[in-house]
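Spelled out from the first residue to the last, the chains are:
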Amino acid sequence: MAVGFAVGVLGVLILSHAAYSTIQYRTLLKITEEEFSGPPINVVFELLLGLVLCMWAALAVPGKFQSIQLDSDENRVVSLPSNLDFMIFNHRGKAFPLECTLKSK
């Protein structure tokens, strides 16, 4: 997890540097009165590298997936709450038809 977090921070720093480089490049173009046609190729590579590092970190930092235990009582709602005063059965949902037919074009 620490490696994934470090890679994520590195990716964000690379993306920030690419943004700063693009702003600096546009300022240089304004001084020389040239037209902006796109960022330099090294900035594009920097953006792609930062994107890949951030995506890898986003997948690595949360941790491993755990399987769902079918026998667990925490996964199911099998009983009504003890306080039934706040349960409302008269709502706008009854305005919808019971059978809904969808037509495709």
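Along each chain, numbering runs from 1 in the same order as the chain's sequence is written. A pLDDT threshold of at least 70 governs which residues receive local features in this predicted model, and a stricter bar of 80 or more applies before side-chain atom pairs are shown or counted, although totals over entire chains, interfaces and linings include all residues. Only hydrogens and water are set aside; all other atoms, that is, all heavy atoms of the structure, feed into the side-chain values.

- As named in an unreviewed UniProt entry, the protein chain is Membrane magnesium transporter, taken from Escallonia herrerae.
- Its UniProt record, at the heading Subcellular location (unreviewed entry), says of the protein chain: "Endoplasmic reticulum membrane".
- UniProt positions are given in the numbering used here, feature names are shortened, and annotations may be inferred rather than shown by experiment. The heading Sequence similarities (unreviewed entry) in the UniProt record of the protein chain holds the text "Belongs to the membrane magnesium transporter (TC 1.A.67) family."

With respect to helix H1 (residues 2-31)
So, step 1. Numbering of helices and strands starts at the N terminus; helices are DSSP runs of H or I of at least 4 residues and strands are runs of E of at least 2. In this analysis, the expected span of each helix is defined as 1.5 Å times one less than the number of residues it contains. Between its first and last C-alpha, H1 extends 43 Å over 30 residues, near the 44 Å set by a 1.5 Å rise per residue.
So, step 2. To sort residues, take the accessible area from a 1.4 Å probe on protein chains only and compare it with the maximum for the residue type: under 20% means buried, over 50% means exposed, and anything in between is partly exposed. The complete set of buried residues in H1 reads Gly4, Val7, Gly8, Gly11, Ile14, Ala18, Ser21, Thr22 and Leu29.
So, step 3. Contacts were defined at the residue level, with two residues in contact if any of their heavy atoms lie within 4.5 Å. Where H1 is buried, its residues contact helix H2 (41-60).
So, step 4. Positive backbone phi, approximately 55°, marks Glu33, located one or two places after H1.

Some words on a nonpolar patch on the surface
So, step 1. Each patch is built from salt-bridge-free residues with over 30% relative accessible area, joining like charges within 9 Å and nonpolar side chains (Val, Leu, Ile, Met, Phe, Trp, Tyr) within 5 Å. Reported accessibility uses the Shrake-Rupley method at a 1.4 Å probe radius. Residues are deemed covered only where the shown protein chains occlude them. A pairing counts as a salt bridge when a side-chain nitrogen of Lys or Arg comes within 4 Å of a carboxyl oxygen of Asp or Glu. Where nonpolar side chains cluster on the molecular surface, the patch consists of Ile41, Phe45, Leu48, Leu51 and Met55 and spans about 540 Å² of accessible area.
So, step 2. Relative to the elements of secondary structure, Phe45 occurs in helix H2.

Here we look at the side chain of Thr22
So, step 1. By secondary structure assignment, the location of Thr22 is in helix H1.
So, step 2. Of note is the side chain of Thr22, whose polar atom sits 2.9 Å from the backbone oxygen of Ala18. Any N or O atom pair separated by 3.5 Å or less is treated as a polar contact, with the protein-specific requirement of one donor-capable and one acceptor-capable atom, and with residues adjacent in sequence counted only for side-chain atom pairs.

Structural notes on the side chain of Glu46
So, step 1. Along the polypeptide, Glu46 turns up in helix H2.
So, step 2. When charges are counted, neither His nor the chain ends are considered; positive counts come from Lys and Arg and negative counts from Asp and Glu. Despite its burial, Glu46 pairs with no opposite charge; the closest candidate is Arg26, at 16 Å N-O.
So, step 3. Apart from residues lying up to four places away in sequence, Glu46 is in contact with Ile14, His17, Ala18 and Ser21.

Topic: the packing of aromatic side chains
So, step 1. Under the pairing criterion, centres of Phe, Tyr and Trp rings, with the six-membered ring standing for Trp, must be within 6.5 Å; the plane angle then separates stacked pairs below 30 degrees from edge-to-face pairs above 60, leaving the rest tilted. Counting across every chain of the model gives 1 aromatic pair.
So, step 2. Charge over a ring is defined by NZ of Lys or CZ of Arg lying within 6 Å of the ring centre and within 35 degrees of the ring normal. Just above the ring of Phe36 sits the side chain of Arg26; from NZ or CZ to the centre is 4.5 Å.

Regarding the UniProt feature "transmembrane region" (unreviewed entry) in the protein chain
So, step 1. UniProt records the feature "transmembrane region" (unreviewed entry) for residues 42-61 in the present numbering.
So, step 2. Within the segment residues 42-61, helix and strand shares are 95% and 0% respectively, and the terminal C-alpha atoms sit 28 Å apart.

Brief notes about H2
So, step 1. Taking 1.5 Å of rise per residue, the 20 residues of H2 would be expected to cover 28 Å, and the 29 Å separating its terminal C-alpha atoms lies within 8% of that figure.
So, step 2. Val43, Glu46, Gly50, Leu53 and Ala57 are the residues of H2 that are buried. Buried residues of H2, viewed axially, fall in a sector of 90°; they line one side. Counted as exposed and oriented over 90 degrees from the buried face of H2: Ile41, Phe45, Val52, Met55 and Leu59.
So, step 3. The elements touched by buried residues of H2 are H1. Taking the helix axis as origin, the arc is that swept by the directions to the C-beta atoms.

A short note on the packing of H1 against H2
So, step 1. Here H1 crosses H2 at 155°, and the two axes come no closer than 8 Å. The orientation of H1 with respect to H2, classified from their angle, is roughly antiparallel. Seen along the crossing, H1 lies across H2 with a hand that is left-handed.
So, step 2. Gly is placed with the polar residues, together with every amino acid not listed as nonpolar (Ala, Val, Leu, Ile, Met, Phe, Trp, Tyr, Cys and Pro) or charged (Asp, Glu, Lys and Arg). When grouped by side-chain class, the residues that make up the contact of H1 with H2 number 16 nonpolar, 7 polar and 1 charged. To define axes, lines are fitted to C-alpha atoms, for helices over the stretch in contact only, and angles between the resulting N-to-C directions are given on a 0 to 180 degree scale. In these notes the angle categories are as follows: under 35 degrees is roughly parallel, over 145 is roughly antiparallel, 65 to 115 is roughly perpendicular, and the rest is oblique. Handedness of a crossing is defined here by the sense of rotation of the near helix relative to the far one, left-handed for an anticlockwise turn of less than a right angle and right-handed for a clockwise turn.

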